[in-house]
Every structure is written in structure tokens, then in C-alpha cells.
Amino acid sequence: MPLIVMCGYPCSGKTQKAEELKVCFERNTDRKVHIVGDGALGVEKNTVYADSQKEKNVRASLKAEVERKLNKDDIVILDSLNYIKGYRYELFCLIKHAQTPHCLVYCLTSDEVSSTWNINREAAEQYTQEIFDALVLRFEAPDSRNRWDSPLFTILKDDTLPYEAISDALFKRKAPPPNQSTQSQPLSSANFLYELDKITQDVLLAIFNAQKTSVPGDLIPVPGATEKIELTRSINMAELRKLRRQFISYTKMHPTENSGHISNMFVQYLNKSLH
């Protein structure tokens, strides 16, 4: 059943709106509503958001919990910052694989308003000013032109929650169709894992070598792919290897029927992850 992704600055009203949505859906439908968020994980926000690895682990835990909760009957609300567009794209891939609709609820406030709300919280619930400022600086605002940010509902601090519109977006729309990179398919080649390892390694080497003569903005051709890497910045081998490991882990669980598609799938994955 549908996934609602909350998004916004720290202290922008996301949790309040998530609770309001839960009440509305429980009052108007017979579905269970699950809120998945930092609070349920017992996250100490100032510790987690000061450490990129700890933050990454929390995002992975939230995504895993969402995946566990998604089923044909219930509604899942992800109440977290969700401020990284690459992470929102991962969630979009998740709902495509689950073949369920989703929407994004963006609680839009100025940093001044959110900072004031943060200061007025109980001390134990506050972000330090340093962490708050860093999160605001890193925030990647959703854009309805991106399919992973659409349908997008932007709510200002004095707005009434548009429950009917959100409900229609979830229950009167078809789920996005699964595509080659998200649909589970039978493993038809005994050499699939070998091909997966070799092809992704060849792509990494092509990118690494091309960077010696390329500049940001160039399109890099890679072996076996019709699509090209969109080079927006310099990428070191450690980052490329990490993305390769993530792609391999996902693809092992959702193998493609045709190993000839691996290069294009990996290029698409890298382009989304590196932007």
C-alpha cells in the first residue's frame, strides 16, 4: 500500500503533519497506518547527523523498516528529513519494486522559522545550532519535475493539510510500473555473477581512466552501454567502489534476465547516485 515520504528542514513541522495524516487516514479508511521515523529508532540526532557514517546507517535502517512495513493493506509514512534527493530516488525505486503508489509531503519553512521552532523545543529535543545549520545547508529541495518527487504536496506553516488531495494521489493513481532495474526476474545465466562483477569493474575502470582527460560536464562512454556517465564532478575510486558494491548487492537480489542490460543499469544507477 502507499508510501508517504515527509520532507523538510529540521523542525519544519513534519512530525506534526505526519501525525495529522495518520489520524485522517485512520478516521476515513479502515487501513492501518504505520509511521516510520527517527523517533522510533531512538536516534540521538546531534550525534547521528554529526557523523556521516552513522547518518548513512540510520537512513539504511529507515529504508529497511519501510520495506518491511509495505504491504497490500497498510499505509506507511516515513517521517524523517529525507533531504537527499539520491535517497528519495532509492525510496522511489523501492515503491516501484513493490508496485505501490507514493507521494511526497514537503513542509516548507524558512530557516529562520525552523531555527526559532528548534530553539523553543525542550533542550533534549533540540538540534545544536551547528548541526541545524549544516543540515539546512545540505538540504536538497524536492522538485515535482523529478518523478521520484512527484506527486509533491508543499505545505506552508499556516496551511491546512490537503488530506483529500493526498488521499486521491495515493488511491486514485496507478502504481508506477516496474522497470528493468527494479523488477525481479529469473536468473537465467549460470555466469550471471561473473558477468556482473566483470562488467561493473570494466565500467569503473573506464570512468577512472576517462577522468584523466575529462572535465566536469563531459559525457563518458563506457563499455557495453548505450547510455553515458554524466560527469558533474571528479569522482575518486573509493566512492566508485562503494557505489559498485551497493549496485551488486541490489542486483544479486533482483537479477536481470539479460546480462547485456547490466552496463546500462549500472550507468543509470551511477548517474542517479552521483548527482
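Above: the structure in question.
So, how was this worked out
- Residues numbered from 1 in each chain as written.
- Predicted model: local features only at pLDDT ≥ 70, side-chain atom pairs only at ≥ 80, totals over all residues.
- Heavy atoms only, no water.
- Phe/Tyr/Trp six-rings, centres within 6.5 Å; stacked < 30°, edge-to-face > 60°.
- Helix = DSSP H or I, 4+ residues; strand = E, 2+ residues; numbered from the N terminus.
- Buried < 20%, exposed > 50% of the residue type's maximum accessible area, 1.4 Å probe, protein only.
- Pairing = 2+ DSSP bridges.
- Axes fitted to C-alpha atoms, helices over the stretch in contact; angles between N-to-C directions.
- Contact = heavy atoms within 4.5 Å.

S.K.: Mind showing me how you'd approach the packing of aromatic side chains here?
M.R.: Geometrically, a pair of aromatic rings is defined through the distance of the ring centres and the angle of the planes. Scanning all chains against the criterion turns up eight aromatic pairs. Measuring from centroid to centroid gives 5.1 Å for Tyr9 and Phe139, while their planes differ by 80°, and the two rings are edge-to-face. Pair noted here: Tyr9 is in the loop between β1 (3-8) and α1 (14-28) and Phe139 is in the loop between α6 (129-138) and β5 (152-156), with a separation of 130 residues, a long-range link. Each member of the pair, Tyr9 as well as Phe139, is classed as buried. With centroids separated by 6.1 Å and ring planes inclined at 75°, the aromatic side chains of Phe25 and Phe171 adopt a geometry described as edge-to-face. Of this pair, Phe25 sits in helix α1 while Phe171 sits in helix α7 (residues 163-171), placing them 146 residues apart in sequence. Through successive ring pairs, a cluster of aromatic residues spans Tyr9, Tyr106 and Phe139.

S.K.: Even after reading the chapter, I still don't get the sheet that holds strand β2 (residues 33-37), so can you show me in this structure?
M.R.: Remark on secondary structure: sheet strands pair via backbone hydrogen bonds, oriented parallel or antiparallel. Taken in spatial order, the five strands line up as β2-β3-β1-β4-β5 in an open sheet, and their pairing is parallel. Both edges of this open sheet fall to β2 and β5, since each of them pairs with a single strand only. In this sheet, adjacent strand axes meet at a mean angle of 20° when their direction is disregarded. In this sheet, strand β3 (residues 75-79) lies alongside β2 in parallel orientation, the contact comprising five bridges. Residue pairing in the sheet places Val36 in a bridge with Leu78 of β3. Together, β1, β2 and β3 form the strand contacts of helix α3 (residues 52-69), whose direction differs from that of β2 by roughly 165°. Together, β1, β3, β4 (102-108) and β5 form the strand contacts of α7, whose direction differs from that of β4 by roughly 155°.

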